[in-house]
Amino acid sequence: MGCAPSIHVSHSGVIYCRDSEESNSPHQTTTISQGTATLHGLFVKTDAADSIPSVLAYQSRQPPPSAAPRRKERRESGGASTRSRTPHCCSVEAETQTSSSSVKASTTEVQVGPMRLTQYPIQVLLVFAKEDNQSNGFWWACDRAGYRCNIAWTPESALECFLDKHQEIIVIDHRNSRYFDAEDICRSIRAVEPSEHAVILAVVPHISADQEETSVLPLLDAGFDRQFMENSSVTACYNELVQIEHGEVRSHFKLRACNAVFTALDHCQEAVEITSEDHVIQYVNPAFERMMGYRKGELIGKELTELPKSDKNCADLLDNINTFIKKGKEWQGVYYAKRKSGDSIQQHVKITPVIGQGGKIRHFVSLKRLHCTNENNKQVYKSHHEEKYTGDNSQSESNSYKCKNRRKDSVDVKSITSQSSDAPSLQTRRYSSMARIHSMTIEAPITKVINIINAAQENSPITVAEALDRVLEILRTTELYSPQLGTKDEDPHTSDLVGGLMTDGLRRLSGNEYVFSKNMNLSHSHLPVPNTINDVPPCIAQLLDNEESWDFNIFELEAVTNKRPLVYLGLKVFARFGVSEFLNCSEVTLRAWLQVIEANYHSSNSYHNSTHAADVLHATAFFLGKERVKGSLDHLDEVAALIAATIHDVDHPGRTNSFLCNAGSELAVLYNDTAVLESHHTALAFQLTTKDSKCNIFKNIDRNRYRTLRQAIIDMVLATEMTKHFEHVNKFVNSINKPMACEETSPHSEGSDTECTANIKNFPDNQTLIKRMMIKCADVANPCRPLELCIEWAGRISEEYFAQTDEEKRQGLPVVMPVFDRNTCSIPKSQISFIDYFITDMFDAWDGFRQDCQSCDCS
């Protein structure tokens, strides 16, 4: 060669020298042949490495000519398409270049709670002292997985590369300490902040079968996360990297997203406090520090019981709050807290339990804002904002004013404490507006309540006036009895059950129509039923001897009656309650009626069939046999309840109201998407009954009694519709349970059960509430039955929901209960959600009314 040669790297990654004065022709290029060939454009295997500039310590790796055919062969065998690389020249700028994979790597959508995140392609850093089959294995594994890969062969270049790229996965060669100390490299990377979310893998030498495997503790102590036993197979390396991506990397990615949440909390205007299940403070935001006067370091790790308490709270307030939130229920109300300075401040507090590991409450999140009504609170609020906006007096005053005047529609309330000259005019304006409201002639009960509250506000202290404002806001909502669910992903089973059972579905305009046949079969000659209850076969009669027990096995009756339990159980129960005598009809007519009703239940339904109707009839009769219930209802009410239980699901298609509305069914159109099935059950039942004199059980009673009975039956069947579930339960609690509890605990009351039920009987509205609650409990009493019966019912209802989901998918309809997918659904979890959300409170209320009854435990 001529004078001073220059070092170059070809596009193929081969290092060569070229005389600067000679031609650029490749033929005149002299390749360094003494062990300098490279596959990566990174490694120099001979002493000539000292002559290579340090910028070559790491760079984007290029595919070697010799590897190209192998890569193509792998791609073809793997069925993946290939993509040529764009070569990079070796220069100073090449230090920050990142290799491109021949596999197109796409972004991944990741869900973290309600957040939707985009995860970009993974970056990998390989740290090897020299090129070998193991480094090649990881390189081509990255290529196959679509990861961006960098490689470094000195500790310095490895740290420099990591600080530049922040790779998610780092693979360090730990097989030979002659070249570098892998544990020192790991420690140096762990010493920098970005490594918090990096996964570091140690490649350790393969051990023979007769050698004892060494402990991983030294590696973990050095900062490694995993070890990889030496294996140059590309597939083995690929599997290891992909497992890390879907495990630790994905978890770290989700954790990094929490930084956004904490940033939001740090800038939130409301004070936020997060504690453990044992009430140890885990986090407070700056707004909390300003409000309470503490610094974060003074609070984190302390139990709430260690902090000073205000003596202005009721003695049992804390106990009440703890009792409430430990049940997993949200609590909100007014609470006095003591600042670090010793001042007591009044706060609006909302405490929300958060379910965590093991399905148990693991955190409590408290949101607190100042109740800006007294001078002390105003001073605290003002001082906090002055601290926050130092040097910006106008902004501080503006914020202080906003707090004083927080009540949106009650500017005149401010006049009560205002010292300005316009106070009298504002006060007069308030009185005149109240006068106009009181002069209105609307007599609806809710209007009367709102008028009373408005009148009470006039002479109330501001604290009371503001509290009443919150009451008015609640009363003006349309759904007074329905609780508000949390975020959907907190419990998808509950959310889906609520969506499927308590709504009329998503309105969808499509050509899909769901039409089911109306099996209005009035003939009953083909059913060999007994003429009277005395003609029942012995095996059936023996089973029916136990029908007054709560543990009565309806499935055994289903089996021995060939899926016709309703007729046999109906004859026995109706005879016990004297239904034929009350209706003045023969037992033959009653038998014919039961036969027609049962014939119009769909035996093809796994759940909503005549066995379910018989089960509800049995539960209703069981409740009617209890003294408290019996003493609260008339004979007409009992007959209405038994008939309602018998017909309450007749001609049920095995699909929910939401499904029928979404499918645009004839019934949904007929009943305007409102209580579709329940309206159909009652209408069809009366049609079937009155159409043929042979089965018309109402033909011999007078018109007035018939109208009263019909209205009671309709009201009870409509009460089984779930959209008004919480309205019925809450009305029952407020009108029945609470007054009875007050009466029984009153020192002036003798506690007579007879007097209590007599008082209920004096109010027809209360009797209606009892009947509604009774059939509702009977309708969903499956979880309260003996375990073997409960499990059978759970399987049957789940199968019906699975079939609905299958049909919704086939027809392209909205899937109203996605959790009920037969391939993924957990039946126990769905039942637990149903019990927790719908059953427990309702049966607690019902058992509270019928205290003398045997317990129907659904826990």
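Residues numbered from 1 in each chain as written. Predicted model: local features only at pLDDT ≥ 70, side-chain atom pairs only at ≥ 80, totals over all residues. Heavy atoms only, no water.

Chemist: Looking at this model, I keep getting lost on unusual backbone geometry. Mind explaining?
Modeler: Of all residues except glycine, most have a negative phi; of all peptide bonds, most are trans. Even without a glycine there, the phi angle at K563 is positive, about 65 degrees. Within the fold, K563 resides in the loop between helix 17 (554-560) and helix 18 (565-576). (Helix = DSSP H or I, 4+ residues; strand = E, 2+ residues; numbered from the N terminus.)

Chemist: It is not clear to me how the packing of helix 26 (residues 676-691) against helix 27 (residues 703-719) should be interpreted in this structure. Could you clarify?
Modeler: For any two helices packed against each other, one specifies the inter-axial angle together with the distance between the axes. Two elements in contact, helix 26 and helix 27, have axes separated by 8 Å at closest approach and are oriented at 145 degrees. When you trace helix 26 past helix 27, the crossing you get is right-handed. Packed against helix 26, whose contacting residues are E678, S679, H681, T682, F686 and T690, the element helix 27 presents Y706, R710, I713, I714, V717 and L718 at the interface. (Axes fitted to C-alpha atoms, helices over the stretch in contact; angles between N-to-C directions. Left-handed = near helix turned anticlockwise from the far one by under 90°. Contact = heavy atoms within 4.5 Å.)

Chemist: Mind showing me how you'd approach the side chain of S366 here?
Modeler: Among the structural elements, S366 can be located in strand 16 (residues 361-370). Contacts of S366, omitting those with residues within four sequence positions, involve A271, V272, E273, K350 and I351.

Chemist: It is not clear to me how helix 21 (residues 610-624) should be interpreted in this structure. Could you clarify?
Modeler: Along an α-helix, residues three or four positions apart point the same way, because every turn accommodates 3.6 residues. In this model helix 21 runs 21 Å from its N-terminal to its C-terminal C-alpha over 15 residues, within 8% of the 21 Å that 1.5 Å per residue would give. Taking burial as the measure, the 15 residues of helix 21 include 15 buried ones, the bulk of the element. Backbone nitrogen of T611 and a side-chain oxygen of the N-cap are separated by 3.1 Å at the start of helix 21; the cap is N609. (Expected span 1.5 Å × (residues − 1). Buried < 20%, exposed > 50% of the residue type's maximum accessible area, 1.4 Å probe, protein only. Polar contact = N/O pair within 3.5 Å; in protein donor to acceptor, adjacent residues only side chain to side chain.)

Chemist: I tried to follow the nonpolar core on my own but got confused; where do I start?
Modeler: In a soluble, globular protein the nonpolar side chains are often hidden away together inside. Judged by nonpolar contacts, the single largest core of 100 residues is most densely connected at L583, W593, F623, I713 and W846. Counting residues per element, this core draws most heavily on helix 32 (residues 827-849), at ten residues. Those residues in contact with L583, other than ones at most four positions away along the chain, are V639, I643, I697, F698, N700, I701 and L709. With 24 residues, the next largest nonpolar core counts V171, V199, I244 and V249 among its residues. (Core = buried A, V, L, I, M, F, W, Y, C linked by side-chain atoms within 4.5 Å.)

Chemist: Which parts of the structure should I look at to understand the packing of aromatic side chains?
Modeler: Ring pairs (aromatic) are described by centroid distance and by the angle formed between their planes. This model, assessed by the stated rule, comprises 21 aromatic pairs. Judged by centre distance (5.0 Å) and plane angle (55 degrees), the rings of W550 and F622 are tilted. Linking W550 in the loop between helix 16 (538-544) and helix 17 with F622 in helix 21, this pair joins segments that are 72 residues apart in sequence. Of the two residues, W550 and F622, neither departs from the other in class, the shared state being buried. For the ring pair Y801 and F820, a centre distance of 4.9 Å and an interplane angle of 65 degrees mean the geometry is edge-to-face. Pair noted here: Y801 is in helix 31 (residues 787-811) and F820 is in the loop between helix 31 and helix 32, with a separation of 19 residues, a long-range link. The same class applies to Y801 and to F820, which are both buried. Ring pairing ties together the aromatic residues W550, F622, F623, F732, W846 and F849, which thus form one cluster. Across from the ring centre of Y238, 5.3 Å away, lies the NZ or CZ of R144, which sits over that ring. Above the plane of the ring of F659 lies R655, whose end atom (NZ or CZ) is 5.8 Å from the centre. (Phe/Tyr/Trp six-rings, centres within 6.5 Å; stacked < 30°, edge-to-face > 60°. Lys NZ or Arg CZ within 6 Å of the ring centre and 35° of its normal.)

Chemist: Sorry if this is basic, but what is going on with the sheet that holds strand 15 (residues 344-355) here?
Modeler: In a beta sheet, neighbouring strands pair by backbone hydrogen bonds and run either parallel or antiparallel. Pairing is antiparallel across the open sheet formed by five strands, whose spatial order is 13-12-16-15-14. Bordering the open sheet on either side are strand 13 (281-284) and strand 14 (331-338), each of which pairs with just one other strand. For this sheet the average axis-to-axis angle between neighbouring strands, irrespective of direction, equals 30 degrees. Against the sheet, helix 9 (residues 317-325) contacts strand 14, strand 15 and strand 16, and its axis sits at roughly 140 degrees relative to strand 14. (Pairing = 2+ DSSP bridges.)

Chemist: What is the right way to look at the environment of H608 in this model?
Modeler: Among the secondary structure elements, H608 is positioned in the loop between helix 20 (587-599) and helix 21. Residue classification places H608 among the buried residues on the basis of a relative accessible area of 12%. Look past the residues within four positions of H608 in its chain and what remains in contact with it is Y601, H602, D649, H652, I797 and E800.

Chemist: What is the right way to read the pattern of salt bridges from this model?
Modeler: Going through the model one piece at a time under the given rule, you end up with 26 salt bridges. Among the salt bridges present, the one from R175 reaches E230, with a minimum N-O distance of 3.0 Å. With R175 in the loop between strand 9 (169-173) and helix 4 (182-190) and E230 in the loop between strand 11 (226-229) and helix 6 (234-266), this residue pair connects regions lying 55 residues apart in the sequence. Take R175: its relative accessible area is 18%, and that puts it in the buried class. E230 gets classed as partly exposed once you look at its relative accessible area, which sits at 33%. (Salt bridge = Lys/Arg side-chain N within 4 Å of Asp/Glu carboxyl O.)

Chemist: I would appreciate a short explanation of the packing of helix 21 against helix 30 (residues 764-779) in the present structure.
Modeler: Closest axis-to-axis distance for the helix 21/helix 30 pair is 8 Å, and the angle between their directions is 135 degrees. The orientation of helix 21 relative to helix 30 falls into the category oblique. The handedness of the crossing between helix 21 and helix 30 is right-handed. Here H612, V616, A619, T620, F623 and L624 of helix 21 come into contact with helix 30, specifically with M774, C777, A778 and D779. Residues that form the contact of helix 21 with helix 30 fall into these classes: seven nonpolar, two polar and one charged. (Parallel < 35°, antiparallel > 145°, perpendicular 65-115°, else oblique. Nonpolar A, V, L, I, M, F, W, Y, C, P; charged D, E, K, R; others polar.)

Chemist: Is there a simple way to explain the pairing of strand 6 (residues 115-119) in this structure?
Modeler: Two faces make up the sheet, and in a regular strand the side chains alternate between them. Where strand 5 (residues 108-112) meets strand 6, five bridges bridge the pair, whose relative direction is antiparallel. Counterpart to E109 in the pairing with strand 6 is T118. Between strand 5 and strand 6, which pair antiparallel in sequence order, lie two residues; one of them, G113, sits at a positive phi of approximately 60 degrees.

Chemist: Is there a simple way to think about the pairing of strand 8 (residues 148-152) in this case?
Modeler: A large share of strand 8 lies buried, amounting to four of its five residues. Where strand 7 (residues 123-127) and strand 8 come together, five bridges link them in parallel fashion. Pairing of V124 across the sheet is with C149, part of strand 8. Read as a crossover between parallel neighbours, the route from strand 7 over helix 2 (residues 133-145) to strand 8 is right-handed. (Right-handed = clockwise from strand over helix to strand, strands pointing away.)

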